[in-house]
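Observations on the model geometry
The primary structure of each chain is shown beneath.
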Amino acid sequence: MKKLFVLICMLSMGSLAWAQTAPSLGSAASFSALAGGPAAGAVTCTTSTITGDVGVVAPGTFFNTGCTISGAINPNATGPYADFLNAYGLLPGANPVCTQTLTTLDGQVLSPGVYCVAAAATSTGSLLTLNGPSNGIWIFRIGTSGTGALTGTSFSVVMAGGGVPCNVYWWVAQAATMTDSNFVGTILAGADITVTRGTFIGRALAGGKGTTAIPSGAVTLTDTILGG
């Protein structure tokens, strides 16, 4: 399943009209859950399924309570974390330029592009449709003013027109929290990522405000499905 997901992503990137806007994740690309710290536990997984690799930065720890993991577990993923920090640091800048500034994600039908939200984005019981071809790229920048969290409760993100989840990226200034939601894409969060129930087809990369010397961020998964 993981190999199929990666293959689909590679094929979709073959002749991208929007490839110049897609962030390079480097060695972090194989990780479904990656976090820098704190030492008390960087990634905590409870009765969930993760398709893909799991990584923490020592002395952070991966706590597994009844989870099924299909990939490798890297207890000292310093290199992938550094690659994630590089991607996180590049995305909030002027390039890529915002296609459109949004005040809400609710009920939107969006073609490939770069979408910016100045502050927090909170969605409850709503639907976001990403409509575009398999080589389309969607980038969401949440909190472009410097602060802002991404929060979804019973929030669904669906692909239409052939678009694929691995071409969807969410840069978040602060934390990301999904509850009872069906979410897609790669979250690059400045702080923690918490996913409770629902599904998350993509990657949870936490701790973008940290450094390799002082890593930060935690991923907490409970009763959910994460990965491709």
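Everything in this summary refers to the structure shown in the same document. In this text, all values refer to a predicted model and were calculated from it rather than measured experimentally. (Residues numbered from 1 in each chain as written. Predicted model: local features only at pLDDT ≥ 70, side-chain atom pairs only at ≥ 80, totals over all residues. Heavy atoms only, no water.)

1. Side note on the overall build of the protein chain
- Along the protein chain, the regular secondary structure elements total two helices and 22 strands.
- About 8,900 Å² of surface is accessible on the protein chain, with carbon and sulfur atoms providing 60% of the total. (Helix = DSSP H or I, 4+ residues; strand = E, 2+ residues; numbered from the N terminus. Areas by Shrake-Rupley, 256 points an atom, 1.4 Å probe, with all protein chains shown as cover.)

2. Some thoughts on the pattern of salt bridges
- This structure, assessed with the given rule, holds one salt bridge.
- Note that Arg197 is salt-bridged to Asp180, the shortest N-O span being 2.5 Å. Of the two residues, Arg197 is situated in the loop between strand 19 (193-196) and strand 20 (199-206) and Asp180 in the loop between strand 17 (176-179) and strand 18 (182-189); the sequence distance between them amounts to 17 residues.
- Its relative accessible area of 33% is what places Asp180 among the partly exposed residues. (Salt bridge = Lys/Arg side-chain N within 4 Å of Asp/Glu carboxyl O. Buried < 20%, exposed > 50% of the residue type's maximum accessible area, 1.4 Å probe, protein only.)

3. Looking at the sheet that holds strand 2 (residues 43-46)
- If you trace the seven strands from one edge of the open sheet to the other, you get 5-2-21-19-17-14-11, paired in parallel fashion. Since the sheet does not close on itself, it has two edges, and those belong to strand 5 (62-65) and strand 11 (121-124), each with one partner. Neighbour to neighbour, the strand axes of the sheet diverge by 0 degrees on average, direction disregarded.
- Both strand 11 and strand 14 (residues 150-153) contribute to a ladder of four bridges, which runs parallel. Its bridge partner being in strand 14, Ser123 is matched across the sheet by Gly152. (Pairing = 2+ DSSP bridges. Axes fitted to C-alpha atoms, helices over the stretch in contact; angles between N-to-C directions.)

4. Quick word on helix 2 (residues 78-90)
- Between its first and last C-alpha atoms helix 2 spans 19 Å; for 13 residues at 1.5 Å apiece the expected length is 18 Å, and the two agree.
- Looking at the buried side of helix 2, the elements it contacts are strand 1 (31-35), strand 16 (168-172), strand 18 and strand 20. (Expected span 1.5 Å × (residues − 1). Contact = heavy atoms within 4.5 Å.)

5. Looking at the nonpolar core
- By size, the foremost hydrophobic cluster in this structure holds 41 residues, and its most contacted members are Phe140, Leu150, Trp170, Phe183, Ile187, Ile193 and Val219.
- It is strand 18 that contributes the most residues to this core, four residues altogether.
- Each residue touching Ile193, except ones within four places of it in the same chain, is listed here: Ala176, Ile187, Ala204, Leu205, Ala206, Ala218, Val219 and Thr220.
- Ranked by size, the runner-up nonpolar core spans 22 residues in total, among them Ala22, Ala77, Tyr81 and Tyr88. (Core = buried A, V, L, I, M, F, W, Y, C linked by side-chain atoms within 4.5 Å.)

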